[in-house]
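Below, each chain spelled out in residue letters.
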Amino acid sequence: MSLQRVESFAAGRWIGPGADARTIADAATGAPIALAGDGAVDVQTLLDHARDVGGPALREMTFHDRARILKALAQHLTAHKDALYEVSYATGATRKDHVFDIDGGIGTTFVFASKGRREMPDQKVYLDGGPEQLSRDGSFIGQHVCVPLRGAAIQINAYNFPVWGMLEKFAPAFLAGMPSIVKPATATCYVTESAVRIMLDSGLLPEGTLQMVAGGLGDMLDRLGPQDVVGFTGSAATAAKLRGNRNLLDRGVRFTAEQDSLNASILGPDAVPGTPEFDLFVTEAVREMTTKAGQKCTAIRRIIAPETQIDALTEALRAKLDRVIVGDPRDEATRMGALVSEEQKTDVLDCVAALGGETRRVTGPDEDRPGGLLAPILLRCDDPDGARAVHAREAFGPVSTVMPCRDLDHAIALANRGQGSLVASVITHDPAVARRAMLGMAAWHGRIYFNDRDSMDQSTGHGAPMPHMVHGGPGRAGGGEELGGIRGVMHFMQRTAVQGSPTHIAAIAGRHFAGARTHDGPAHPFRRSFDALEIGETLETGPRTVTSDDIAHFAAFTGDTFYAHMDDAAAARNPFFPGRVAHGYLLLSFAAGLFVDPDEGPVLANTGLDALRFQKPVVPGTAIRVTLTVKAKTPRTDDYGEVRWDVTVTDDAGDTVATYDLLTMVARGGATA
């Protein structure tokens, strides 16, 4: 049987492995299947191609352009995921494990595509927060903006998630506008190579935006600069070595690490046998021990339960683990596959042996199996306060340790002894327990997962990082942060404070700011299509006087007879009103009546309003006017887009009465409908 030759992809061409390439074995059988590494990859060529070809191509696009490509890419990967399933069996992963890695990676790409379209502008600049008024009259303002870094994103990934690990870094970098150089762990790089080939064959990615190294990076870290980013997932020892690179330190290269984590799960004091929470806890703990054969950075390593329940819990876990069928992942009867290699199995067993002085074995391997096959090992530590190794050493496999706690505060203290974790979970139906646990543990954990009978059917699981939420943790977990929606995109961008007149900042940001120049359009703005409308295009209406009869009619019609609108004396006693005043929502209704064009036209729907503020009360006899300005435009489909209008309502003294953003969907097309 010929071995697969895993290739690197650099500067537009595939490069095969060299003479000293490493042999990769099937995780379950131990049979050699591939060769990888030691190829003639010139790292400077990789970097130059990313910086000089990939980066400029991405920066020519808007966030929406890049988001559309990500969505199409995720759809293309979905159509080809069965091929990735097939090649992934050799890693020891079962078909169920593929959902975490392959489907999880594709799903992450979909999420970033969606967030790019929904939460980011169809612009090349992202605004971080709102404007800051830096002068009394508003003629000088500041705004934080974010633009793509101009280097390369070097993504060094672990062996356990060869697809998700790549895509969860690639997707936010691509959306930000930064090219990626992917370096998968050699043990499973053949799966990553398959995914990269599928992505490149789609024809969707601009040249230079995705490259891959199968094998070592050589002296690449020594060639990086302050516009480059390094993202690492793996062991703490490797992270420390990379983080300490002299060039990275001297040149201020961004470095983020996601590394070792002794994650804990706490059984709430209310979750006694017979409750849904107790059964849920057992299910979650066993799932985390056996999914990917326990080779997950988020797997539960320490199981903490009240001492009154520890025996019942231990027995429930033992009974469930004894039913787990371990074997070749291609066998449909298998419920847990293999560790990635026989070497990894040896490392896990060595770690279990090191924990032996503080624990006793509840379940464990009763026979020597080939390759990386290893039965789940449940340990019990009856003196977690006196123990040290169980809070300091991670067996990266199907291994977890049960330990008792006296009360919730003791459980929190034990969880925190991990000195920084990616995730902790608490299974409880008591919200007071959840709040107390969060306050006690949040400083030491990147994510805290609560679950109970109310959410168990829809929850994502202790060990499943979601792209919407940050993934990372303090201390031992590396102090890094990935994912988290748009927060993850920010890691690949430079935040810059820009200052100037509102007109300057509006031109930079591609949206209107109060005080910026405005102009009249050639027709009523509601007669103008989405594509024809321009930022800053403004309509100023005539006046409408608010009468006492208007206020009384609105109160009777709506049922809003609050005293400030009905009783002049009572209103005058209120420190906010001079006397009887108009309803705020009456003013909004009158404002709409002043600026709306009634005939059928490009405006399709009013979808809401944001940032409504009533700034000055309106008494009967006051005339109000409205200024309506195109504030921002966001394409939604080929047929329509969202227009955000700045609405300012003023009174006859020229004072601002109310301000808000109006959102409408407007048809696309020519200059008018």
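Higher on the page you've got the structure.
Described in the following lines is the structure provided in the data block. What you see as residue numbers is a count from 1 along each chain, following the sequence as written. pLDDT decides what is reported in this predicted model: residues at 70 or higher carry local features, side-chain atom pairs at 80 or more are listed and counted, and totals for whole chains, interfaces and linings draw on all residues regardless. With hydrogens and water excluded, all non-hydrogen atoms of the structure serve as input to the side-chain values.

### What to know about the nonpolar core
In step 1: Membership of the largest hydrophobic core comes to 61 residues, with the highest contact counts inside it found for Ile303, Ile304, Leu313, Leu317 and Met441.
In step 2: When residues in this core are grouped by element, the largest group, 7 residues, is from helix α9 (residues 276-290).
In step 3: As used here, the term nonpolar core means buried Ala, Val, Leu, Ile, Met, Phe, Trp, Tyr and Cys residues forming a set that is joined through side-chain atoms within 4.5 Å. Only protein chains enter the accessibility calculation, which uses a 1.4 Å probe; a residue whose area is less than 20% of its type maximum is buried, one above 50% is exposed, and one in between is partly exposed. Counting 58 residues, the second-largest nonpolar core is a separate cluster that includes Ile106, Tyr126, Cys189 and Leu210. Strands here mean DSSP runs of E at least two residues long; helices mean DSSP runs of H or I at least four residues long; both are numbered from the N terminus.

### Describing the packing of aromatic side chains
In step 1: Note on aromatic pairs: the rings of Phe, Tyr and Trp (six-membered ring only in Trp) are paired at centre separations within 6.5 Å, and the planes decide the class, stacked below 30 degrees, edge-to-face beyond 60, tilted for the rest. Evaluated as defined, the whole model comprises 9 aromatic pairs.
In step 2: A ring pair is formed by Phe526 and Phe595, whose centres lie 6.1 Å apart and whose planes are at 65°; its orientation type is edge-to-face. Here the residue Phe526 occupies a position in the loop between β24 (519-520) and β25 (537-540), and Phe595 occupies one in helix α19 (residues 584-595), the gap between them amounting to 69 residues.
In step 3: Taken together, a centroid distance of 5.9 Å and an interplanar angle of 90° make the contact between Tyr585 and Phe614 edge-to-face. Taken together, the residues span a long stretch of sequence, with Tyr585 in helix α19 and Phe614 in strand β27 (residues 603-614) at a distance of 29 residues.
In step 4: Relative accessible area serves as the criterion here: at 39%, Phe614 is assigned to the partly exposed category.

### Observations concerning a negative patch on the surface
In step 1: Two distance rules govern patches: like charges are joined within 9 Å, and nonpolar side chains (Val, Leu, Ile, Met, Phe, Trp, Tyr) within 5 Å, applied only to residues with over 30% relative accessible area and no salt bridge. Note on areas: these come from Shrake-Rupley sampling with a 1.4 Å probe, and a residue is covered only by the protein chains present in the view. Any carboxyl oxygen of Asp or Glu within 4 Å of a side-chain nitrogen of Lys or Arg constitutes a salt bridge here. Counting rule for charge: Lys and Arg are taken as positive, Asp and Glu as negative, and neither His nor the chain ends is counted. To locate a charge, the coordinates of NZ of Lys, CZ of Arg, CG of Asp or CD of Glu are taken. Together, Glu342, Glu343, Asp347 and Asp350 give the surface a local cluster of negative charge.
In step 2: Counting through the fold element by element, Glu342 comes out in helix α11 (residues 342-355).

### Some points on the environment of Asp531
In step 1: Secondary-structure assignment places Asp531 in the loop between β24 and β25.
In step 2: Placed 342 residues apart in sequence, Asp531 and Cys189 show a C-alpha to C-alpha distance of 46 Å.
In step 3: Pairs of N or O atoms within 3.5 Å make up the polar contacts considered here, provided that, within protein, one atom can donate a hydrogen while the other can accept it, and that residues adjacent in sequence are counted only when both atoms are side-chain atoms. Polar side-chain contacts of Asp531 include one of 3.1 Å to the side chain of Arg668.

### What about the side chain of Thr359?
In step 1: Assignment of secondary structure puts Thr359 in the loop between α11 and β16 (360-361).
In step 2: Overall, Thr359 belongs to the buried group, its relative accessible area being 14%.
In step 3: A polar contact is formed between the side chain of Thr359 and the backbone oxygen of Leu355, at a distance of 2.9 Å.
In step 4: Residue contacts are defined here by distance: any two heavy atoms, one from each residue, within 4.5 Å place the two residues in contact. With sequence-adjacent residues up to four places away left out, Thr359 is seen in contact with Leu379, Arg380, Cys381, Val390 and Thr401.

### Quick word on helix α6 (residues 189-201)
In step 1: In a helix, the anticipated span is given by 1.5 Å times the number of residues less one. The end-to-end C-alpha separation of α6 is 18 Å, in line with the 18 Å expected for 13 residues at 1.5 Å each.
In step 2: Of all the 13 residues making up α6, 10 are buried; the element is thus mostly covered by neighbouring parts of the structure.
In step 3: What α6 keeps buried is the set Cys189, Tyr190, Val191, Thr192, Glu193, Ser194, Ala195, Val196, Ile198 and Met199.
In step 4: Looking one or two places after α6, you find Gly203, whose phi comes out positive at around 75°.

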